[in-house]
Amino acid sequence: RPILSIPAIVVPEGQFTIEATASSSASSWTAALVRGTLVYPLSVSGAAYSTGYERWFMTAAVPAGVPEEIYDLRLEASGGITDTEAHAVAVREVIDEDFYVVQITDSHFPTHLYYYQSGSDSDTTELLDLRAVIDDINVMNPAFVLFTGDAVNEGELEDYLTKRYYTRLKRVLKEFDVPVFLSAGNHDIGGWDDTPPVDGTARRNWWKFFGW
C-alpha cells in the first residue's frame, strides 16, 4: 500500500506511508512517482520490518514542485526487488476543506448474466456502462471516487473458467483520472453454491488484487 484500490492523496512536501511485503533482509529501499516518461524520486525514511505484520513500513516524502496528477508508485530494494503499482498516489496542490466526491455502486462488471446463462461469455453491457461512467467522472474531476461494490457480478470467476473478472476490472480502474477507493460487495467476495470453487476463493483472490 498504497495501491490502485487504496490510494494515497498527498501534497508536495507531504508524506505518506508505504507498506511492502518482502524478506526481512531487504534493504536500500527507494521509491518514485511515475507517469509516462516523468519520474519523481521520493525521499524514503524510517524503513522498518514488522515481524507481527511480516511486512515493511516506511515513510515517503514527495518533493516540492511535483505537478498535480495521479501517479504510479515504483518501489525498489536490494536483491532485485522491484514493483510498480498503477494509480497509487494522487498529488494535489492543496487538500481543500470543502470538496466533493462521486460514489458509484453495483456495476456488476462485466455483465449481469451469470456464468451458466447463455451469452455470458460475450456480453459486456456492464463494461460499456462502467466506461461511460468513468468518462463522466473524469470530466467532473472530483476529489476521489468511492466505489462501493458490487464491482463484479461473480467474484469466483477469476480463475474458474478463466473469466478473469478481477484482472479485467483492475485494468479498467486504471482509466480513472482520479483516486478510487474500492470496497467489496457480496457479489465480489461471496461464495456461491452454484459455482464449484470452494467458499473463500473469491475473498482470497479479492485480497490479492485489491487489498483488504
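In what follows, the structure referred to is the one given above.
Residues numbered from 1 in each chain as written. Predicted model: local features only at pLDDT ≥ 70, side-chain atom pairs only at ≥ 80, totals over all residues. Heavy atoms only, no water.

### Focus on the overall build of the protein
Point 1. Of the regular secondary structure elements, the protein holds four helices and ten strands.
Point 2. N-terminal to C-terminal, the α/β element order of the protein is β-β-β-β-β-β-β-β-α-β-α-β-α-α.
Point 3. Taking 2.2 N^0.38 as the reference for a compact globule, 212 residues should give roughly 17 Å; the C-alpha atoms of the protein span a radius of gyration of 19 Å, in line with that estimate.
Point 4. Projecting the C-alpha coordinates of the protein onto the three principal axes gives extents of approximately 55 × 40 × 30 Å.
Point 5. For the protein, the proportion of its 212 residues judged to be buried stands at 45%.
Point 6. By element, 50% of the accessible surface of the protein is carried by carbon and sulfur atoms, the whole surface being about 10900 Å².
Point 7. Here the protein contributes 15 positive and 31 negative side-chain charges, whose respective centroids are spaced 7 Å apart. (Helix = DSSP H or I, 4+ residues; strand = E, 2+ residues; numbered from the N terminus. Rg over C-alpha atoms; globule rule 2.2 N^0.38 Å. Buried < 20%, exposed > 50% of the residue type's maximum accessible area, 1.4 Å probe, protein only. Areas by Shrake-Rupley, 256 points an atom, 1.4 Å probe, with all protein chains shown as cover. Lys, Arg positive; Asp, Glu negative; His and termini not counted. Charge placed at Lys NZ, Arg CZ, Asp CG, Glu CD.)

### Considerations on the pattern of salt bridges
Point 1. With the rule as written, the count across this model stands at seven salt bridges.
Point 2. Linking D121 and K163 is a salt bridge whose minimum nitrogen-to-oxygen distance equals 2.3 Å. With D121 in the loop between β8 (102-104) and α1 (125-140) and K163 in the loop between β9 (145-148) and α2 (165-173), this residue pair connects regions lying 42 residues apart in the sequence.
Point 3. D121 gets classed as exposed once you look at its relative accessible area, which sits at 69%.
Point 4. Look at K163 and you get buried, because its relative accessible area is 9%.
Point 5. We note a salt bridge from R164 to E158, for which the minimum N-O separation is 3.8 Å.
Point 6. Classification of E158 as buried rests on a relative accessible area of 3%.
Point 7. Each member of the salt-bridge network shares a partner with another, and the members are E158, D159 and R164. (Salt bridge = Lys/Arg side-chain N within 4 Å of Asp/Glu carboxyl O.)

### Here we look at the sheet that holds strand β10 (residues 180-183)
Point 1. As summarised here, the arrangement of the three strands in space is β8-β9-β10, forming an open sheet in which the pairing is parallel. Looking at strand neighbours, the two that pair on one side only are β8 and β10, the edges of this open sheet. Averaged over all pairs of adjacent strands, the angle between their axes in this sheet comes to 15 degrees, without regard to strand direction.
Point 2. By the bridge criterion, four bridges tie β9 to β10 in an arrangement that is parallel. Paired with L146 across the bridge in β10 is F181. (Pairing = 2+ DSSP bridges. Axes fitted to C-alpha atoms, helices over the stretch in contact; angles between N-to-C directions.)

### Focus: the sheet that holds strand β6 (residues 69-77)
Strand pairing in a sheet relies on backbone hydrogen bonds, with the paired strands running either antiparallel or parallel.
Point 1. If you trace the seven strands from one edge of the open sheet to the other, you get β1-β7-β6-β3-β4-β5-β2, paired in mixed fashion. The open sheet has two edge strands with one neighbour each: β1 (8-10) and β2 (15-20). Mean inter-strand twist for the sheet, computed between neighbouring axes without regard to direction, equals 35 degrees.
Point 2. Bridge count between β2 and strand β5 (residues 55-61): six bridges; the pairing is antiparallel. Residue pairing across strands places A20 opposite W56, the latter belonging to β5.

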